Amino acid sequence: MKIHTTNYKNAFIEVAEDCPAVEGEIPPVKGEAKTVANLQFEMLSKNPYTFTSDEVVFQTYAIKNDLAESELATAREKFFSKGQACLRTSPLAKRYGWGIHHNNEGKIALFGCETDQYEKFQKDKKLQVVKAMRSSRK
């Protein structure tokens, strides 16, 4: 069975063209259950350059689907047996103003769109720079 990946190396995901945020915003908690944005923000803001995109995407899926520890290995294999959306579709980059840097090991960290480091990544010729997906069609 082919295994797909969402990982990038030496890449930077800019905020979406239609992102309403002018700086990196902490996603608000809506109700009792955490949103995808809440889960991803918690993982990445507390642990920069610790996780790959695949780890963040799958962990978010596992939490949202309340998977037991014993189910994780099988569920991960099944999850990545078909293509999954990468972090270009993350609400962090689409709505909340966070750029996502992937280092040469594929580990990721968040940078607010108002920061100097965000601007440096945008201009870095050694990085593959891509925009997050738009929330609306043109």
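Structure: see above.
These notes cover the structure that comes with them.

Criteria and thresholds
- Residues numbered from 1 in each chain as written.
- Predicted model: local features only at pLDDT ≥ 70, side-chain atom pairs only at ≥ 80, totals over all residues.
- Heavy atoms only, no water.
- Helix = DSSP H or I, 4+ residues; strand = E, 2+ residues; numbered from the N terminus.
- Expected span 1.5 Å × (residues − 1).
- Buried < 20%, exposed > 50% of the residue type's maximum accessible area, 1.4 Å probe, protein only.
- Contact = heavy atoms within 4.5 Å.
- Pairing = 2+ DSSP bridges.
- Axes fitted to C-alpha atoms, helices over the stretch in contact; angles between N-to-C directions.
- Polar contact = N/O pair within 3.5 Å; in protein donor to acceptor, adjacent residues only side chain to side chain.
- Core = buried A, V, L, I, M, F, W, Y, C linked by side-chain atoms within 4.5 Å.

**What about helix α2 (residues 53-64)?**
Item 1. In this model α2 runs 17 Å from its N-terminal to its C-terminal C-alpha over twelve residues, within 8% of the 16 Å that 1.5 Å per residue would give.
Item 2. Along α2, the residues classified as buried are S53, D54, V56, V57, F58, T60 and A62.
Item 3. The inward-facing, buried residues of α2 contact α1 (36-46), α3 (72-79), β2 (98-102) and β3 (108-112).

**Regarding the sheet that holds strand β1 (residues 11-14)**
Item 1. The four strands lie next to each other as β3-β2-β1-β4, forming an open sheet whose pairing is mixed. Of all strands in the sheet, those with a lone pairing partner are β3 and β4 (128-131), marking the two edges. Taking each pair of neighbouring strands and ignoring which way they run, the sheet shows an average axis angle of 20 degrees.
Item 2. Where β1 meets β4, four bridges bridge the pair, whose relative direction is parallel.

**Some words on the environment of K131**
Item 1. The residue K131 is located in strand β4 in this model.
Item 2. Overall, K131 belongs to the partly exposed group, its relative accessible area being 36%.
Item 3. With 75 residues separating them along the chain, K131 and V56 place their C-alpha atoms 19 Å apart.
Item 4. In this view, K131 contacts I13, E14, V15, E17 and R88; residues no more than four positions away in its chain are not counted.

**Some words on the side chain of Q40**
Item 1. Along the polypeptide, Q40 turns up in helix α1.
Item 2. Of note is the side chain of Q40, whose polar atom sits 2.6 Å from the side chain of S90.

**A few points about the nonpolar core**
Across soluble globular proteins, you tend to see nonpolar side chains buried next to one another.
Item 1. Ranked by internal contacts, the top residues of the largest apolar core, which has 35 residues, are I13, L87, L92, I100 and L110.
Item 2. Once you skip the residues sitting within four places of it in the chain, L87 turns out to touch I13, Q40, S53, V56, V57, A93, I100 and I108.

**What about unusual backbone geometry?**
Item 1. If you check the backbone angles, N10 has positive phi at about 50 degrees while not being a glycine.
Item 2. The phi torsion at D66 lies on the positive side, around 50 degrees, for a residue other than glycine.
Item 3. Within the secondary structure, D66 sits in the loop between α2 and α3.

By themselves, these are just geometric observations and shouldn't be taken as functional.
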